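Below, each chain spelled out in residue letters.
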Amino acid sequence: MSSAEPQSKKSKMVSSLEQLKQLTTIVADTGDFEAMKVYKPTDATTNPSLILSAASMDQYQPLIDKAVKYGLKQGSTEDEQVSEAADMLFVLFGCEILKLVPGRVSTEIDARLSFNQEASIAKALKLIQLYEENGVERKRVLIKLASTWEGIQAARVLEKDHGIHCNLTLLFSFGQAVACAEAGVTLISPFVGRILDWYVANTDRKEFAPEQDPGVVSVTKIYNYYKKFGYKTVVMGASFRNTGEIRALAGCDLLTISPKLLGDLEKSEEPIKRFLDPEVAKASDLQKIKMDEATFRWMLNEDQMSTDKLSDGIRKFAADGRKLETMLRGLVQQAV
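Residue positions are given per chain, counted from 1 along the sequence in the order it is written. Since the coordinates come from a predicted model, pLDDT governs what is reported: local features require at least 70, and pairs of side-chain atoms require 80 or more to be given and counted, while whole-chain, interface and lining totals use all residues. Hydrogens and waters are ignored; side-chain quantities use all the structure's heavy atoms.

This paragraph deals with the overall build of the protein chain. Helix and strand definitions follow DSSP, with helices as H or I runs of at least four residues and strands as E runs of at least two, each counted in order from the N terminus. Helices and strands together make up the secondary structure of the protein chain, namely 16 helices and eight strands. For a compact globule the rule gives 2.2 Å times the number of residues to the power 0.38, and the radius of gyration it is set against comes from C-alpha atoms. Here the C-alpha radius of gyration of the protein chain, 21 Å, is about what a compact globule of 336 residues would show, namely 20 Å. Along the three orthogonal principal directions, the C-alpha set of the protein chain runs to about 70 × 60 × 40 Å. In the protein chain, which comprises 336 residues, the share counted as buried stands at 54%. Throughout, a residue-residue contact means that at least one pair of heavy atoms, one from each residue, lies within 4.5 Å. Counted over contacts in the protein chain with a minimum sequence separation of 6, partners at least 24 positions apart contribute 70%. A total of about 15,400 Å² of accessible surface is found on the protein chain, and carbon and sulfur atoms cover 51% of it. Side-chain charges in the protein chain split into 43 positive and 46 negative, and the spacing between the mean points of these groups amounts to 3 Å. Relative accessibility under 20% of the residue-type maximum defines a buried residue, over 50% an exposed one, and the middle range a partly exposed one, all with a 1.4 Å probe and only protein chains included. Here the open area of atoms and residues is found with the Shrake-Rupley method and a 1.4 Å probe, where only the protein chains shown may cover a residue. Note on charges: Lys and Arg go in the positive column, Asp and Glu in the negative column, and His and the chain ends are not counted at all. Throughout, a charge is located at the NZ atom of Lys, the CZ atom of Arg, the CG atom of Asp or the CD atom of Glu.

As C-alpha cells, this is what we get:
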C-alpha cells in the first residue's frame, strides 16, 4: 500500500498548463522551435520581432541561407531581392513550425502596409502562394494584419474572396473588435499586457488584481460580446505580462503565451478556474453596436490608450521589420 500511495498522489498532480489546455487552446508566442517541442502548443504565432530574435540563433542559419538564395534568384534589384528573401524567411519559419504544431501558424504582414488595404491583400496572397509552393495548405496559415480600418477591410476581402484566414493583431479596443467581427475575420489577438503597460504608465494606479487588470477586463468584454451575438470570430488573448492575467482569462477561445510564461504554468500545480464562459456571456447586458468606418475612427480617436498603443505597436513592428531587412541586405550584398 505504502509504495502505491506516492504514485497515486503523483498521478493527481496536474500542472496549471495542462489544466488550462482543457479549457483553452494554447498557442506558442515564439519563433523558437525548441520551445514548441517542450510545451506542445496547438498553434503558433510569429511576428517580425520574434523572427528577428530567432534569426540571430545559429540553429536557424540554414533557413536564412535558403531565404537569401531565393531572394537573389527572384529579385532583379537589391531591394526586390531583400523583399523576396524576407517573404521567404517568414514562410520557411512557418513551414518548420507547422512540423511541430498540429494546428496553424500566424504569419504577419509588413507593418508598413497597415494603412494600405490593396498592398496588404497583395502581400497576403504572395505569402499564401509561397506556403502552397512549399506544400502547406492555406487552411493551416493565419495572415496577421494590424487592426487598422484598412487592415480589417483587407481581411474582409481575403476571407470572403480568397478563403484566406486572418488574425487581426495590435487590437486594444472594443471598437476594433466589433469591426473585426463584422468583417468576418477568423481570429483576433487583443493585447492584454500592453493595455496594462499603458495604465501603469499613464495613471496613478500601478498594481491591479488579475480580474481587475484593464487588459483582462477588455478581453472579457470582447469575448462576451462575440458569444452573446453569435459571431464566428474567435478571441485569442495575447501579450501577457504575468500568469495572473492568463489564469483570469481561462476559458477564452485561445491564448498565445510566451515560452517563459508557459514554463511558469508548467511548473505550477495551482488550480485553474474557468472565468470566460459562453453561457454567462449570452446573459450579459451588452448592446449591439452598428459599425462603419466613421464610427470606428471616432471610437478609436476617443480611446487614448488604444490610439497610443496601436500607433506604437505599428512603429515597433515596422522597426523590427527594417532591422530584419538590414540583416538580409547585408547577406544579399555578401552573396553577390
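Once you've had a look at it, read on.
A few words on the packing of aromatic side chains. Ring pairs are drawn from Phe, Tyr and Trp, using the six-membered ring of Trp, whenever the two centres fall within 6.5 Å, and their geometry is named by plane angle: stacked under 30 degrees, edge-to-face over 60, tilted for the rest. Considering all chains together, one arrives at 10 aromatic pairs under this definition. Between the aromatic rings of tryptophan 198 and tyrosine 199, the centroid separation amounts to 5.2 Å while the plane-to-plane angle is 80°, which identifies the pairing as edge-to-face. An aromatic cluster of three or more residues is present, and its members are Phe174, Tyr225, Tyr226, Phe229 and Tyr231. Lysine and arginine charges are scored as sitting over a ring when NZ or CZ, respectively, is within 6 Å of the ring centre and within 35 degrees of the ring normal. Above the ring of phenylalanine 174, the side-chain terminus of lysine 221 is found at 4.3 Å from the ring centroid.

Keep in mind that most residues, glycine aside, have a negative phi and that most peptide bonds are trans. The phi dihedral of lysine 40 falls on the positive side, at around 50°, and the residue is not glycine. At leucine 170, a residue that is not glycine, the phi angle is positive and equals roughly 50°. The residue leucine 170 is located in strand S5 (residues 165-171) in this model.

Let's shift gears to the pattern of salt bridges. Between side chains of opposite charge, pairing is possible as soon as their charged atoms come close. Within this document, salt bridges are pairs made up of a side-chain nitrogen of Lys or Arg and a carboxyl oxygen of Asp or Glu, the two lying within 4 Å of each other. Per the counting criterion, the structure on display carries 24 salt bridges. The partner of arginine 297 in a salt bridge is glutamate 150, with the nearest N and O atoms 2.9 Å apart. In this pair, arginine 297 sits in helix H15 (residues 293-301) while glutamate 150 sits in helix H8 (residues 149-162), placing the two residues 147 residues apart along the sequence. Between arginine 247 and glutamate 270 there is a salt bridge whose closest N-O contact spans 3.8 Å. Taken as a pair, arginine 247 in helix H12 (residues 243-247) and glutamate 270 in the loop between helix H13 (259-267) and helix H14 (278-282) lie far apart in primary sequence, 23 residues in all.

Let's shift gears to the side chain of glutamate 108. Tracing the chain through its elements places glutamate 108 in strand S3 (residues 105-108). When sequence neighbours within four positions are dropped, the list of residues in contact with glutamate 108 reads Thr46, Asn47, Pro48, Leu127, Lys144, Thr169 and Phe317.

Take the nonpolar core next. The criterion is simple. A nonpolar core is a set of buried Ala, Val, Leu, Ile, Met, Phe, Trp, Tyr and Cys residues joined through side-chain atoms within 4.5 Å. Counting residues in hydrophobic clusters, the biggest one holds 105 residues, and the most contacted among them are Ile143, Ile188, Tyr226 and Ile257. Counting residues per element, this core draws most heavily on helix H6 (residues 78-98), which supplies 12 residues. Once residues within four sequence positions are removed from consideration, isoleucine 188 is found in contact with Asn167, Leu168, Leu171, Ala177, Cys180, Ile222, Tyr226, Thr233, Val234, Val235 and Met236. Val27, Leu142, Leu187 and Leu254 belong to the second largest nonpolar core, which has five residues in total.

Moving on, we get to the pairing of strand S8 (residues 254-257). Neither face of S8 is left uncovered, since the one carrying Leu254 and Thr256 and the one carrying Leu255 and Ile257 both have all their residues buried. As judged from the two bridges shared by strand S7 (residues 234-237) and S8, these two strands associate in the parallel manner. What sits directly across from glycine 237, in S8, is leucine 255. Any two strands with at least two DSSP bridges between them are considered paired.

Another aspect to go through is the packing of helix H9 (residues 174-183) against helix H11 (residues 214-228). In the contact formed by H9 and H11, the axes pass within 10 Å of each other and the chain directions differ by 30°. Judged by the inter-axis angle, H9 sits roughly parallel to H11. Once H9 is placed against H11, the crossing between them reads as right-handed. Where H9 abuts H11, its residues Phe174, Ala177, Val178, Cys180 and Ala181 lie against Lys221, Ile222, Tyr225 and Tyr226. Angles run from 0 to 180 degrees between N-to-C directions of axes, and those axes are lines fitted to C-alpha atoms, restricted for helices to the stretch in contact. Each angle is binned into one of four classes, with values under 35 degrees roughly parallel, values over 145 roughly antiparallel, values of 65 to 115 roughly perpendicular, and all other values oblique. Left-handed describes a crossing whose near helix is turned anticlockwise from the far helix through less than a right angle; right-handed describes the clockwise counterpart.

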